[in-house]
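Listed below, chain by chain, are the residues.
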Protein chains: 2
Amino acid sequence: MPSPIRCPIRPEESGWLAQAARQAKQRRLAAGDCLFRQGDRAQAIFRVEQGRLRLVRHLADGSAVTLHVARAGDGLAEAALFASQYHCDAVAEIDSSVAVIARAPLLAALHGDAESSLAFAADLSRQVRNLRWQLELRNIRSARERLLVWLRLQANPDGVVTLDRPWTVIAPELGLSHEAVYRALARLTAERRLRRKKDRVQLI
Amino acid sequence: MPSPIRCPIRPEESGWLAQAARQAKQRRLAAGDCLFRQGDRAQAIFRVEQGRLRLVRHLADGSAVTLHVARAGDGLAEAALFASQYHCDAVAEIDSSVAVIARAPLLAALHGDAESSLAFAADLSRQVRNLRWQLELRNIRSARERLLVWLRLQANPDGVVTLDRPWTVIAPELGLSHEAVYRALARLTAERRLRRKKDRVQLI
DNA sequence: CGGAGCCTTGAGAGCTGTCAATCCGGGTGG
DNA sequence: CCACCCGGATTGACAGCTCTCAAGGCTCCG
């Protein structure tokens, strides 16, 4: 009998990276500032301490695509450890601060430190799991079902979900408009599949 | 001036894992066979050599969600290295064979081998990049635009994309029905944004 | 020649996104 | 103490889009 397992959509604090960030120097960015640009030599990896950065990749024809939005606690440009240059731009969406972890010393240290390298791998594998999960969530077309599955995964064993951020923030993470989310919540409530009270949701 | 960068949606052969798999023993699975179940003690990680495995997670209420479909060349259950038990079921969709890499010896080896640990991390960071990219691709609502962006990323510097699998296979990877893809291709062709010839697409 | 995949295109239904309007609770300045 | 403002929460209306179901056509291969 498989046991239910909790899977946070928002990646938890990256244990290893958080550690590395502690000894790193901070850099502050005003909204709109650019941390690095696509093609720059990769000189550091980062951890977002405050604020929000958007990673944007430029395509051959000049158009751009957002690759990711990194928030407080997220790692940033981990892949730059293994590449000679950045593959996208990083721009602060709001005033932010990041821990700057220089690439060369870090890489050198990791080369001689199996424990840290493994811890780093563990962080990444956790991210892979979360990302896979988010991707599959998007394969659920129906807003109602997608929301329901998301809630089930967030729920504690009693079927209770406590929200730590407003639906307007959660909706885009689910790939839905906030209106769609509210409508789905309304229908699920009407169908007696859940109960709502403020920022608590009880699954039935 | 940022240079265009190629980003395969299908993760390339995982260099490090491929290496590790070479010395591992193989296991054959008939369609429908189960490689491991959610809650089983994590005793090995795997690499799909042939066939296709589906990873399914069971939720608290008994429903199930597909987490991932692993194909030839893909790693399988890498996260199990860092967990004591599997977090999902793995079932062969068709006759398949996997390389079985025992967990304990591998972990022991990695603990003393910074190089391999780093190589493993590099594999994972590549996966993270690909997954992020796929996730953001899904944020593009319009089938036409999504397809176009995908093509741009797949294109070589000349704007040529050569397909190694039929559209019927690509379509679900893009989160679209194959009909939607064909229609998008037809419109893009009519708009002279691309030319098609067999399994080659030329962007304009 | 027949069949199996793949490719294409048509028609209709259902769903979500977008635009808009309203309500509500909390915080602020007068 | 009250008017005001702002962000979040809700709900309605509508257009546009993709999905699904269906029906061929095309190509390769036995």
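Cut-offs and rules
Residues numbered from 1 in each chain as written. Chains lettered and ligands numbered in written order. Predicted model: local features only at pLDDT ≥ 70, side-chain atom pairs only at ≥ 80, totals over all residues. Heavy atoms only, no water. Core = buried A, V, L, I, M, F, W, Y, C linked by side-chain atoms within 4.5 Å. Buried < 20%, exposed > 50% of the residue type's maximum accessible area, 1.4 Å probe, protein only. Contact = heavy atoms within 4.5 Å. Pairing = 2+ DSSP bridges. Helix = DSSP H or I, 4+ residues; strand = E, 2+ residues; numbered from the N terminus. Axes fitted to C-alpha atoms, helices over the stretch in contact; angles between N-to-C directions. Patch = residues over 30% accessible without salt bridge, like charges linked within 9 Å, V, L, I, M, F, W, Y side chains within 5 Å. Areas by Shrake-Rupley, 256 points an atom, 1.4 Å probe, with all protein chains shown as cover. Salt bridge = Lys/Arg side-chain N within 4 Å of Asp/Glu carboxyl O. Lys, Arg positive; Asp, Glu negative; His and termini not counted. Charge placed at Lys NZ, Arg CZ, Asp CG, Glu CD. Buried area = accessible area lost by both parts, 1.4 Å probe. Polar contact = N/O pair within 3.5 Å; in protein donor to acceptor, adjacent residues only side chain to side chain. Least-squares fit on C-alpha atoms with pLDDT ≥ 70 in both. Near = heavy atom within 4 Å. Nonpolar A, V, L, I, M, F, W, Y, C, P; charged D, E, K, R; others polar. Phe/Tyr/Trp six-rings, centres within 6.5 Å; stacked < 30°, edge-to-face > 60°.

**A closer look at the nonpolar core**
Formed by 130 residues in total, the largest nonpolar core has its most connected members in Phe 46, Leu 147 and Trp 167 of chain A together with Phe 46, Leu 147 and Trp 167 of chain B. For Phe 46 of chain B, the contacting residues outside a window of four places in its chain are Leu 17, Leu 35, Phe 36, Asp 74, Gly 75, Leu 76, Ala 77, Tyr 86, Val 98, Ala 99 and Val 100 of chain B.

**Here's the deal with the sheet that holds strand S1 (residues 25-29) of chain A**
Residues and elements named next belong to chain A. What the four strands build is an open sheet, ordered S1-S8-S3-S6; its pairing is antiparallel. Edge positions in the open sheet fall to S1 and strand S6 (75-76), since each of these has one partner strand only. Pairing of S1 with strand S8 (residues 96-102), which is carried by five bridges, proceeds in the antiparallel orientation. Paired with Leu 29 across the two strands is Ser 96, which belongs to S8. Against the sheet, helix H1 (residues 15-22) contacts strand S3 (44-50), S6 and S8, and its axis sits at roughly 90° relative to S3. Of the strands in this sheet, S3 and S8 are in contact with helix H2 (residues 103-111), which crosses S8 at around 55°.

**Brief notes about a positive patch on the surface**
Residues and elements named next belong to chain A. A cluster of like positive charges, contributed by Arg 192, Arg 195, Lys 197 and Arg 200, occupies part of the molecular surface. Here Arg 195 shows up in strand S10 (residues 194-197). Take Arg 195: its relative accessible area is 55%, and that puts it in the exposed class.

**Observations regarding the interface of chain A and chain B**
By a widespread convention, an interface's size corresponds to the accessible area lost as its parts come together. With 52 residues of chain A at the contact, the number on the chain B side is 54 residues. Between chain A and chain B the total buried area reaches about 5,100 Å² when both faces are included, carbon and sulfur atoms providing 65% of it. Remark: the boundary between chain A and chain B carries zero salt bridges. Across the contact surface, chain A and chain B share 12 residue pairs in polar contact (both at pLDDT 80 or more).

**Description of the relation of the copies chain A and chain B**
After a rotation of 180° and a shift along the axis of 0.1 Å, chain A superposes on chain B with an RMSD of 0.1 Å. Accordingly, the operation relating the two chain copies is best matched by a two-fold axis. In terms of C-alpha distance to the rotation axis, chain A has Ala 114 of chain A as its closest residue, with the C-alpha 1.8 Å off the axis. Here 100% of the interface residues in chain A have copies in chain B that are interface residues too; the copies meet face to matching face.

**Some points on the protein's contact with DNA strand C**
Looking at DNA strand C, there are 18 residues lining it, with Ala 143, Ser 177 and Arg 183 of chain A together with Tyr 182 and Arg 196 of chain B nearest. Residue Ser 177 of chain A places a side-chain N or O atom 2.8 Å away from a phosphate oxygen belonging to DNA strand C. Within the side chain of Tyr 182 of chain B, one N or O atom sits 2.3 Å away from a phosphate oxygen of DNA strand C. Every element with two or more residues in the surface near DNA strand C is listed here: helix H6 (178-190) of chain A together with helix H5 (167-173) and helix H6 (178-190) of chain B. In terms of residues, the surface near DNA strand C owes the most to one element, H6 of chain B, which gives five residues. Taken together, the residues of the surface near DNA strand C sort by class into seven nonpolar, five polar and six charged.

**Remarks on the packing of aromatic side chains**
Geometry of an aromatic ring pair is reported as the spacing of the ring centres plus the angle between the planes. Residue and element names in this part refer to chain B. Counted under the stated rule, the structure contains 10 aromatic pairs over all chains. Ring geometry for Phe 36 versus Tyr 86: centroids 3.8 Å apart, planes at 15°, classification stacked. With Phe 36 in strand S2 (residues 34-36) and Tyr 86 in the loop between strand S6 (75-76) and strand S7 (89-92), this residue pair connects regions lying 50 residues apart in the sequence. The same class applies to Phe 36 and to Tyr 86, which are both buried.

**A word on the environment of Leu 55 of chain A**
All names here are of chain A. The residue Leu 55 is located in strand S4 (residues 52-58) in this model. Look at Leu 55 and you get buried, because its relative accessible area is 7%. It is 5.8 Å that separates the C-alpha atoms of Leu 55 and Thr 66, two residues lying 11 residues apart in sequence. Beyond its immediate stretch of four places on either side in the chain, Leu 55 contacts Phe 36, Val 65, Thr 66, Leu 67, His 68, Leu 76, Cys 88, Asp 89 and Ala 90.

**Things to note about the sheet that holds strand S10 (residues 194-197) of chain B**
Pairing between the strands of a sheet is mediated by backbone hydrogen bonds and can be parallel or antiparallel. Residue and element names in this part refer to chain B. With antiparallel pairing, the three strands of this open sheet are ordered in space as S9-S11-S10. Of all strands in the sheet, those bounded by a partner on one side alone are strand S9 (160-162) and S10. Here the average twist between neighbouring strands, direction ignored, is 15°. Contacts between helix H4 (residues 143-154) and the sheet are confined to S9, S10 and strand S11 (200-203), with S11 contributing the most and set at about 100° to the helix.

Any functional reading would require information that these geometric values do not contain.
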